[in-house]
Amino acid sequence: MQSEAKVVVIGGGVAGCSLLYHLTRLGWSDVLLLEKNELTSGSTWHAAGLCTQFNPSYNLMKLLKYSLDLYENLEAETGQAVDLHRCGSVRLATTQDRLDEFEHRKGIADQLGIPFEIISPERTRELFPLADTQGTLGAAYLPTDGYIDPTGLTNALAKGAVAKGARILRHTGVTAIERDQDGWRIETSKGEIRAEIVVNAAGQWARQVGQLAGLDLPIVPIEHHFLLTEPMDVVGALETELPILRDPDASFYVREEGGGLIIGPFERNTVPWALDGVPDDFHSSLLPPDLDRLEEVLIGVAQRVPAFADAGIKSVVNGPDGYTPDGRCLMGPVPGLRNFHVLAGFSIFGIVFGGGAGKYAAEWIVDGQPSDNMWEVDVSRFDDYASSTKYVAARACEVYEHEYAIHYPEEERPAGRPLKTSPLYDHLRTKGAVFGARFGWERPLWFARDGKARDEYSFRRGNWHTAVGEECKAVRSRVGVLDQTSFAKYEVSGPGAERFLDRLCANRLPARLGRIVLTQMCTPRGGVECDVTVTRLAEDRFYVVSAAATERHDFAWIERHLPDDGSVRLDNVSNRYGVLTLAGPRSREVLQALTDHDCSHKSFRFFRCQELYVGMAPIRALRLSYVGELGYELHHPIEYQRYLYDLLMEAGAQFQIADWGYRALDSMRLEKAYRLWGVDMTADWTPLQAGMDRFVALDKGDFIGRDALLREQERGVEYKLTCLVVNSDDADPHGYEPVLVGDEMIGYLAAGGYGHTVEKTIALAYLPSAYAEPGTDLEVKILGARRSARVVEQALYDPENKRLLS
């Protein structure tokens with residue numbers, strides 16, 4: 001057999017079939033799905049079939065809502081039974097922190113129209129009369145949650161796709177994937193198949209399928225149990241179906257099944273499985289149960305649902321699910337592999353995520369980008385550092401064990417760390433640095449002055465609040481040093497480099513050597529895909545700097561547009577150079593004391609780059625500041641870093657130079673209303689909406705996204721990124737909080753925090769232009785409490801930039 005298709009999807013689970021379904025809805029019928037067994041969810045063994053909309057992200061909660069709305073109508077559309085039970089779910093709270101988490105997520109749900117109630121223990125007992133609510137403070141009740149038959153759902157999606165022209169080959173294993181000049185060649189157990197686009201949706205086999213194409217995806221299988229009881233009289237006597245009950249602190253869920261109960265524990269000491277690869281013949285198979293591992297959780301089940309203690313156990317099931325290092329799936333085009341996409345790594349939540357994920361994945365393929373920003377699940381958020389099986393397994397087990405833990409806004413998890421460190425890591429640790437990780441890099445978040453160098457998380461102000469305030473004061477009044485080695489750094493060179501970058505960048509490129517510009521790279525729709533600085537090093541050579549978290553993402557975007565004629569070379573030099581940021585009103589004096597180069601304002605102006613020596617260390621100094629103070633990014637060959645740091649600290653001692661971290665950086669950037677990609681500036685919003693129009697040169701000629709921006713300019717900008725001062729107490733906003741006018745929700749916060757210098761709670765929000773005028777009074781709902789807020793001029797700190805440009 002030899003066949004061909006425009007798109008070949010490998011894997012017949014919910015996500016793969018959903019992708020097939022949505023591709024046909026977008027008019028692409030030349031699509032083929034390969035399944036080596038039967039069409040079933042990869043977690044069919046996991047009969048719970050849970051469908052919840054409880055998620056800490058606005059866009060992902062929106063995805064989950066779409067899934068359930070789709071499933072609601074799927075049976076009527078296709079005639080295939082899916083057995084959807086929207087019985088609701090109840091999630092218990094035994095601490096105030098858990099209630100704070102519920103209030104935060106309720107704010108997101110309210111914006112999306114998802115019913116979400118915070119109920120009393122009494123109401124909890126009414127909904128789930130088998131529960132002992134002793135010790136609970138309340139619960140989150142989502143009445144439209146539920147569960148579904150995984151096999152019925154998978155086949156309904158497949159049936160809907162086939163009705164629109166899609167093809168499915170069952171019992172067709174993939175043995176090789178190769179790319180040639182004509183596209184992709186897929187060797188299968190039934191012969192060769194040619195494809196323009198390949199999508200790896202192979203579930204827990206996705207890592208092995210990826211390896212066939214030279215790709216190592218960060219997915220490992222993790223064991224997960226559930227128990228099914230014998231029929232129970234107390235369950236059979238119920239007049240209505242029980243909602244799904246979750247006790248997060250005891251780490252389990254319970255739902256009704258067959259007159260008994262299904263119990264799903266998330267034990268603290270789970271184990272990965274088949275790290276060398278899932279056996280080819282392992283399909284809907286089971287692993288030996290390990291009840292000893294579950295004992296602690298099952299004791300908690302019996303305490304919370306006393307009837308369980310006397311129930312007979314009908315079966316104990318143990319099966320694997322594919323987990324990623326952060327617990328979120330992998331979606332989108334794979335960097336470096338043209339027309340190769342991935343849609344996998346859903347852990348046990350592929351059933352509920354699959355519907356919406358298939359929709360967005362189809363848009364990514366057909367339109368080049370999804371209709372909502374999917375950065376949180378973009379495969380490019382990981383790179384080679386996450387390829388180690390040991391790393392993935394450690395992180396994945398941690399994710400599993402914390403499935404029901406409270407997920408705090410600024411949380412950092414310890415597994416698989418430290419991994420990538422700068423030469424200063426150990427030294428900064430001895431000085432009290434508390435680290436976080438981005439793209440595998442350890443970065444100082446704040447410095448503990450009392451010896452308690454650890455985060456104590458809360459939805460209110462954390463234990464770092466006072467220390468961060470001191471760091472801000474040091475930078476604003478004196479001088480400080482921040483290790484920003486984790487920056488992504490690229491060199492773009494060659495005879496075609498200027499023409500190439502000019503088409504990617506919305507701003508004009510620097511015309512002279514040593515000049516710097518801030519610019520966005522836009523999608524064809526005008527959304528902000530990348531936010532970078534570009535420095536001209538030579539007539540045909542540019543230095544591009546971006547955020548640590550987007551290193552692979554931004555490199556891939558640039559690489560995707562490289563010309564085929566070899567006129568442009570792109571090099572990732574991120575690991576070659578360290579960066580120390582020197583900032584504060586005394587920073588010029590510190591730098592001048594260490595170099596023969598003239599650092600005066602006249603000789604070294606803002607947005608300029610100078611190659612110089614600091615002591616004996618060669619430095620590329622960029623006069624930039626992300627905190628609104630006089631400052632310099634000192635880029636250097638990384639082997640000089642410890643030497644350079646010691647010089648700066650010695651020269652700055654007379655000014656009481658201080659170490660500072662990324663939480664102080666965030667506080668000070670909010671005071672300046674500086675934007676942060678992935679938080680308050682994404683592909684969902686254009687630079688005109690983000691208030692970055694001064695960095696967009698619509699009159700320079702063509703660039704990607706220009707036509708969309710011109711159309712937006714002509715019709716008027718409907719939404720604007722607005723700065724608010726919020727009348728808060730100890731609960732500062734973190735993002736996603738609703739913004740209200742009376743009882744009408746007009747938007748949500750993109751970012752928020754406390755400005756230590758201005759002593760105000762600050763937030764950034766995309767609001768309808770009519771509400772974006774300074775002086776407009778609004779309200780923001782923080783942890784369930786309505787707080788007064790006012791739109792203010794940007795920026796709150798040094799609005800005339802006198803300190804920045806000094």
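These notes cover the structure that comes with them. (Residues numbered from 1 in each chain as written. Predicted model: local features only at pLDDT ≥ 70, side-chain atom pairs only at ≥ 80, totals over all residues. Heavy atoms only, no water.)

### Digging into the environment of Ala 161
Using the following cut-off: Where helices and strands are cited, they refer to DSSP runs of H or I of at least four residues and of E of at least two residues respectively, numbered from the N terminus.
Tracing the sequence through the fold places Ala 161 in helix α5 (residues 150-162). C-alpha of Ala 161 to C-alpha of Glu 718: the two residues are 557 residues apart in sequence and 37 Å apart in space.

### Remarks on the packing of helix α1 (residues 14-25) against helix α9 (residues 350-367)
To keep things clear, this is the line we draw: Helix axes use the C-alpha atoms of the stretch in contact, all axes being lines fitted to C-alpha atoms, and the angles between their N-to-C directions lie in the range 0 to 180 degrees. Our angle categories are set so that under 35 degrees counts as roughly parallel, over 145 as roughly antiparallel, 65 to 115 as roughly perpendicular, and the remainder as oblique. If you view the pair so one helix is near and one far, a crossing is left-handed when the near helix is turned anticlockwise from the far one by less than a right angle, and right-handed when it is turned clockwise. Residue contacts are defined here by distance: any two heavy atoms, one from each residue, within 4.5 Å place the two residues in contact. Each residue gets one of three labels, nonpolar for Ala, Val, Leu, Ile, Met, Phe, Trp, Tyr, Cys and Pro, charged for Asp, Glu, Lys and Arg, and polar for the others, Gly among them.
Running from amino to carboxyl end, α1 crosses α9 at an angle of 40°, the nearest separation of the two axes being 7 Å. Classed by the angle they form, the pair α1 and α9 counts as oblique. The hand of the α1/α9 crossing is right-handed. Here α1 contributes Val 14, Ala 15, Ser 18, Leu 19, His 22 and Leu 23 to the contact with α9, which in turn contributes Gly 350, Ile 351, Gly 354, Gly 355, Gly 358, Lys 359, Ala 361, Ala 362, Ile 365 and Val 366. Residue composition of the contact of α1 with α9, by class: nine nonpolar, six polar and one charged.

### Re the pattern of salt bridges
Under the convention used in this document: We define a salt bridge as a contact between a side-chain nitrogen of Lys or Arg and a carboxyl oxygen of Asp or Glu at a distance within 4 Å. Using a 1.4 Å probe on the protein chains alone, a residue whose accessible area is under 20% of its type maximum counts as buried, one over 50% counts as exposed, and one in between counts as partly exposed.
Throughout the structure, instances matching the rule amount to 58 salt bridges. The partner of Arg 503 in a salt bridge is Asp 702, and the shortest N-O contact between them spans 3.0 Å. With Arg 503 in helix α13 (residues 497-504) and Asp 702 in the loop between α17 (662-671) and α18 (706-715), this pair connects stretches of sequence that are 199 residues apart. Judged by relative accessible area, Arg 503 falls into the partly exposed class, the value being 44%. The exposure class assigned to Asp 702 is partly exposed, which follows from its relative accessible area of 47%.

### Re the sheet that holds strand β33 (residues 738-741)
Keep this limit in mind: Two strands qualify as a pair provided that DSSP identifies no fewer than 2 bridges between them.
On the basis of which strands lie adjacent, the closed barrel formed by six strands has the order β32-β35-β34-β33-β36-β37 and antiparallel pairing. Across this sheet, the average inter-strand angle for adjacent strands is 45°, counted without regard to direction. Pairing between strand β34 (residues 744-755) and strand β35 (residues 760-768): six bridges, direction antiparallel. Note that in β35 the partner of Leu 749 across the bridge is Ala 765.

### Some thoughts on the sheet that holds strand β23 (residues 516-522)
In spatial order, the strands read β23-β24-β25-β22-β26; together these five strands make up an open sheet with antiparallel pairing. Edge positions in the sheet fall to β23 and β26 (569-572), since each has one partner strand and no second. Between one strand axis and the next, the sheet turns through 30° on average, direction left out of account. Bridge count between β23 and strand β24 (residues 528-538): seven bridges; the pairing is antiparallel. What sits directly across from Val 517, in β24, is Val 534.

### Focus: the packing of helix α2 (residues 58-78) against α5
Running from amino to carboxyl end, α2 crosses α5 at an angle of 60°, the nearest separation of the two axes being 10 Å. Classified by the angle between their axes, α2 and α5 sit oblique to one another. Handedness of the crossing formed by α2 with α5: left-handed. Facing α2, whose interface residues are Leu 70, Tyr 71, Leu 74 and Thr 78, α5 presents Leu 153, Ala 156, Leu 157, Lys 159 and Gly 160. Its residues assigned to classes, the contact of α2 with α5 comprises six nonpolar, two polar and one charged.

### Quick word on helix α12 (residues 465-477)
Our working definition: A helix is expected to span 1.5 Å for every residue after the first.
Taking 1.5 Å of rise per residue, 13 residues should cover 18 Å, and α12 covers 18 Å from first to last C-alpha, within 8% of that figure. Every buried residue of α12 is accounted for by Ala 467, Val 468, Gly 469, Glu 471, Cys 472, Ala 474, Val 475 and Arg 476. Buried residues along α12 sit against β20 (441-447), β21 (480-483), β27 (577-583), β31 (658-659) and α17.

### Observations regarding unusual backbone geometry
Keep in mind that most residues, glycine aside, have a negative phi and that most peptide bonds are trans. Here the amide bond leading from Arg 417 into Pro 418 is cis, since omega sits at -5°, within 30 degrees of zero. With respect to the secondary-structure elements, Pro 418 resides in the loop between α10 (389-401) and α11 (425-430). Here the residue pair Gln 794 and Ala 795 is connected by a cis peptide bond, since its omega of 10° sits within 30 degrees of zero. Along the chain, Ala 795 falls in the segment after β37 (785-792). Of note, Asp 83 is a non-glycine position whose phi angle comes to about 55°, a positive value.

### Quick notes on the packing of aromatic side chains
Applicable threshold: Only centres within 6.5 Å qualify two rings of Phe, Tyr or Trp (six-membered ring in Trp) as a pair; their planes then separate them into stacked at under 30 degrees, edge-to-face at over 60, and tilted for everything else. We count a charge as sitting over a ring when the NZ of a lysine or the CZ of an arginine lies within 6 Å of the ring centre and within 35 degrees of the ring normal.
By the definition in use, this model includes 25 aromatic pairs. Their ring planes at 75° and their centres at 5.1 Å tell us that Phe 266 and Tyr 404 sit as a pair that is edge-to-face. Remark: Tyr 404 occurs in the loop between α10 and α11 and Phe 266 occurs in the loop between β15 (260-265) and α8 (291-304); sequence separation between them is 138 residues. Summarising the burial analysis for this pair, Phe 266 and Tyr 404 share the class buried. Among the aromatic residues, ring-to-ring pairing joins Tyr 253, Phe 266, Tyr 323, Tyr 400 and Tyr 404 into one connected group. Over the ring of Tyr 754 we find Arg 461; its NZ or CZ atom is 4.5 Å from the centre of that ring.

### Remarks on the pairing of strand β25 (residues 541-546)
When you tally the buried positions in β25, you get five out of six residues, the bulk of the element. Sheet topology places strand β22 (residues 488-493) next to β25; six bridges connect them, and they run antiparallel. When the sheet's bridge partners are listed, Ala 488 is paired in β25 with Ser 546. As paired elements, β24 and β25 share five bridges and run antiparallel to each other. Looking at β25, one finds that Val 534 is bridged to Val 544. The hairpin formed by β24 and β25 contains two residues between the paired strands.

### Quick word on the environment of Asn 155
So the rule is basically this: Nitrogen and oxygen atoms within 3.5 Å of one another constitute a polar contact, given that in protein one can donate a hydrogen and the other can accept it, and given that sequence-neighbouring residues count only through two side-chain atoms.
Take Asn 155: it is sitting in helix α5. Within the structure, the side chain of Asn 155 is placed 2.9 Å from the backbone oxygen of Thr 151, a separation counted as a polar contact.

### Regarding the nonpolar core
Under the convention used in this document: We define a nonpolar core as any set of buried Ala, Val, Leu, Ile, Met, Phe, Trp, Tyr and Cys residues linked to one another through side-chain atoms lying within 4.5 Å.
Ranked by size, the top nonpolar core spans 104 residues in total, and within it Val 7, Val 8, Leu 19, Met 331, Phe 340 and Leu 343 carry the most contacts. Among the elements that take part in this core, α9 stands out by supplying nine residues, more than any other. When residues no more than four places from it in sequence are discounted, the contact partners of Val 8 are Leu 32, Leu 34, Ile 186, Ile 193, Ala 195, Ile 197, Val 198 and Val 199. The next biggest cluster of nonpolar side chains, apart from the first, holds 31 residues, and it includes Tyr 425, Leu 591, Ile 619 and Leu 648.

### Overview of the side chain of Thr 682
Mapped onto the elements of the fold, Thr 682 is located in the loop between α17 and α18. A polar contact is formed between the side chain of Thr 682 and the backbone nitrogen of Asp 684, at a distance of 3.1 Å.

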